[in-house]
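Residue-level structure breakdown
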Amino acid sequence: MAAAATCGAGTLSSECVASEAGQSRTSSFQRRGKASGAPGGGPRLLSIAGTRPSVRNGQLLVSTGLPALDQLLGGGLAVGTLLLIEEDKYNIYSPLLFKYFLAEGIVNGHTLLVASAKENPANILQELPAPLLDDNGKKELEDVHSAKPPEADANMKIAWRYQLQPRMEVGPVLSSRFGHYYDVSRRIPQELLESSNWHGFFLPEHTPPGLKGEPCFLSCGYMKLLQFFQNIIYTEGFDGANPQKKQKNILRIGIQNLGSPLWGDDICCKENSDNHHRLTKFLYILRGLLRSSLSACIITMPAQLVQNKAITTRVRNLSDTVVGLESFIGSERETNPLYKDYHGLIHIRKIPRLNNLTCDESDVKDLAFKLKRKLFTIEQASETPTPTTMNACTLSAFCNV
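Here goes a summary of the coordinates provided. (Residues numbered from 1 in each chain as written. Predicted model: local features only at pLDDT ≥ 70, side-chain atom pairs only at ≥ 80, totals over all residues. Heavy atoms only, no water.)

Re the overall build of the protein
Applied cut-off: Every helix listed is a DSSP run of H or I at least four residues long, and every strand listed is a run of E at least two residues long, numbered separately from the N terminus. Relative accessibility decides the category of a residue: with a 1.4 Å probe and only protein chains considered, values under 20% of the type maximum give buried, values over 50% give exposed, and everything between is partly exposed. Accessible surface is estimated by sampling points in the Shrake-Rupley manner with a 1.4 Å probe; for residues, cover comes only from the protein chains shown.
Assigned secondary structure in the protein consists of 13 helices and 15 strands. Buried residues in the protein amount to 48% of all 401 residues. As presented, the protein carries roughly 19900 Å² of accessible surface, and 52% of it is formed by carbon and sulfur atoms.

A closer look at the nonpolar core
Heads up, the condition is: For our purposes a nonpolar core is just a set of buried Ala, Val, Leu, Ile, Met, Phe, Trp, Tyr and Cys residues, chained together by side-chain atoms within 4.5 Å. Whether two residues are in contact is decided by their heavy atoms: any pair within 4.5 Å suffices.
The biggest cluster of nonpolar side chains holds 42 residues, and the ones touching the most others in it are L102, I346 and F376. Of the residues forming this core, the biggest block, 9 residues, is contributed by helix α4 (residues 94-107). Those residues within four positions of I346 in sequence are excluded, and the remaining contacts are L69, V323, G324, L325, L367, A368, F369 and I378. By size, the runner-up hydrophobic cluster in this structure holds 36 residues, among which are A115, Y222, L258 and C268.

Quick notes on the environment of N249
Note the threshold: Pairs of N or O atoms within 3.5 Å make up the polar contacts considered here, provided that, within protein, one atom can donate a hydrogen while the other can accept it, and that residues adjacent in sequence are counted only when both atoms are side-chain atoms.
Mapping N249 onto the fold places it in the loop between α10 (220-235) and β9 (251-255). Accessibility expressed as a relative area gives 16% for N249, which makes it buried. Separated by 13 residues in the primary sequence, N249 and E236 place their C-alpha atoms 9.9 Å from one another. From its side chain, N249 meets the backbone oxygen of G109 in a polar contact 2.9 Å long.

Regarding the pattern of salt bridges
Short version of the rule: Only one rule defines a salt bridge in this text: a Lys or Arg side-chain nitrogen within 4 Å of an Asp or Glu carboxyl oxygen.
Going through the model one piece at a time under the given rule, you end up with 8 salt bridges. R287 is the salt-bridge partner of D320, the closest N and O atoms lying 3.2 Å from each other. With D320 in the loop between α12 (309-318) and β11 (321-327) and R287 in helix α11 (residues 277-291), the pair connects residues that are 33 residues apart, well separated along the chain. Relative accessible area serves as the criterion here: at 5%, D320 is assigned to the buried category. Note on R287: relative accessible area 22%, which makes it partly exposed. Close ionic contact of R333 with E326 constitutes a salt bridge, the shortest N to O distance being 3.1 Å. By relative accessible area, which is 28% here, E326 ends up partly exposed.

Focus on the side chain of T321
You can see T321 is positioned in strand β11. Once residues within four sequence positions are removed from consideration, T321 is found in contact with L73, L77, L82, L83, L84, K350 and P352.

Points about the state of the cysteines
Simply put, the disulfide is a covalent bond whose two ends are the sulfur atoms of two cysteines. Which entries qualify depends on this criterion: Sulfur atoms of two cysteines make up a disulfide when they are within 2.5 Å.
Taken as a whole and assessed by the stated rule, the structure comprises 0 disulfides. Free cysteine C268: the closest other cysteine sulfur is in C269, separated by 6.4 Å. Taking relative accessible area as the criterion, C269 reaches 52% and is therefore assigned exposed.

Focus: the packing of aromatic side chains
To keep it simple, the criterion reads: Geometry of aromatic contacts follows a simple scheme: Phe, Tyr and Trp rings, the Trp one being its six-membered ring, pair when their centres are within 6.5 Å, and the pair is stacked under 30 degrees between planes, edge-to-face over 60, tilted otherwise.
Taken as a whole, this structure holds 8 aromatic pairs when the rule is applied. Arranged with centres 5.4 Å apart and planes meeting at 55°, the rings of F201 and F228 form a pair that is tilted. Placement of the pair is F201 in strand β8 (residues 198-202) and F228 in helix α10, with a sequence separation of 27 residues. According to the relative accessible area criterion, F201 is buried, its value standing at 0%. Owing to a relative accessible area of 17%, F228 belongs among the buried residues under this scheme. Ring geometry for F201 against W263: centres 6.3 Å apart, planes inclined by 5°, an arrangement best described as stacked. Separated by 62 residues along the polypeptide, F201 in strand β8 and W263 in the loop between β9 and α11 bring together distant segments of the chain. Taken together through their ring pairs, the aromatic side chains of F201, Y222, F228, W263 and F282 make up a single cluster.

Here we look at the packing of α11 against α12
Selection rule: Inter-axis angles, ranging from 0 to 180 degrees, are taken between N-to-C directions of lines fitted to C-alpha atoms, where helices are fitted over the stretch in contact. To sort the angles, those under 35 degrees are grouped as roughly parallel, those over 145 as roughly antiparallel, those from 65 to 115 as roughly perpendicular, and the leftovers as oblique. Asp, Glu, Lys and Arg are counted as charged, while Ala, Val, Leu, Ile, Met, Phe, Trp, Tyr, Cys and Pro are counted as nonpolar; the rest, among them Gly, fall into the polar class.
Look at α11 against α12: their axes get within 10 Å of each other, and the N-to-C directions meet at 0°. Viewed along their axes, α11 and α12 adopt a mutual orientation that is roughly parallel. Across the interface between the two elements, L279, T280, L283, Y284 and R287 from α11 touch R314, V315, N317 and L318 from α12. A breakdown of the residues in the contact of α11 with α12 according to their chemical character gives 5 nonpolar, 2 polar and 2 charged.

Section: the sheet that holds strand β1 (residues 51-53)
What counts is decided by this rule: By the convention used here, strands pair only if DSSP detects at least 2 bridges between them.
Spatially, 3 strands are ordered β1-β2-β3 in an open sheet, and the strand pairing comes out antiparallel. Pairing within the sheet leaves two strands with one partner each, and these edge strands are β1 and β3 (77-78).

Focus: the environment of I92
Tracing the chain through its elements places I92 in the loop between β4 (82-86) and α4. A sequence separation of 237 residues divides I92 from I329, and the C-alpha atoms of the two residues are 9.8 Å apart.

Some details on the side chain of T111
By secondary structure assignment, the location of T111 is in strand β5 (residues 111-116). Reaching out from T111, the side chain makes a polar contact with the side chain of N197 at a distance of 3.4 Å. Ignoring anything within four residues of it in the chain, the contact list for T111 reads N197, H199, E236, F238, N249, I250, L251 and R252.

Quick look at the structure:
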């Protein structure tokens, strides 16, 4: 009961995932008395495709789809948490981060839940970038989508000391590395989309025509969206309370342009909005759903359009991780020779403290991004950039576009 309370109170760690199987830790040199998988048998560590435990606190992590961003966030995005992307001025580069997160989910076989008030989720998935896989990755990708996982032979006899070793659950692992690279000039293969499991929430299809804002604590769009999330999480077994019927998996949630007038919110139109509490209450309830489920969420928000900056502060406080994008388009930095090699700055505004009093913060500051023909890179901006210093400051991992 104590373990269950710990797992339910905070975000899900690798120990919480293992405890959901109803098995406790035992020594690998303890003689097995019952059949494997039975109560009292050996431990089984569940390995979910596309995840890894944090080396700092054991928290279960997923990749954002950009390896360099994973590095800046302390290894990745923790399961059960929310990543807020503050959109750039003209909303050119923030959709790329949104699509990388979704593409990484498809490559790893995760379930997607895409919500938008502007664009049909089916169209968003069609525009996802194609993964850059080596020969081994391509072969593994073909094997996953053409063959079923092999079933274990119940009559197989092995030495008792090895039979008690933690066993990895069979899953669609497409690559041994954590996070993949993507080619923005190519679209994701159609066969990958057809074999993926995804759910779409397009606000115009869920809102009756002519319905205006309701005089309640949540707008109609936010209420419908929360009900949709809750239904998927509970019916498909992503909640931590009820074990999944199928192999354990991750639910990746993506919400586009949250807080914009398209969602029925007026925080971008009025400084003293009468309904400013709707967005913050929506995020509060959403975090409760994330904390008790095997899910991770990314939200893009037009923070630069919010009239009351106090609302922006509250939204950041209700988010676990906050990343802001600042584009040089239309600003004086666009013609500044110091920034001629970049397209904008990336600000890591908040990193979560999960099961810790401290958080993982990168020593690299003044981060800038650059959009190439195929790749999106993150580098350290220098006051006096030279070819030598730029090569030394470039992060080892490239971000996909």
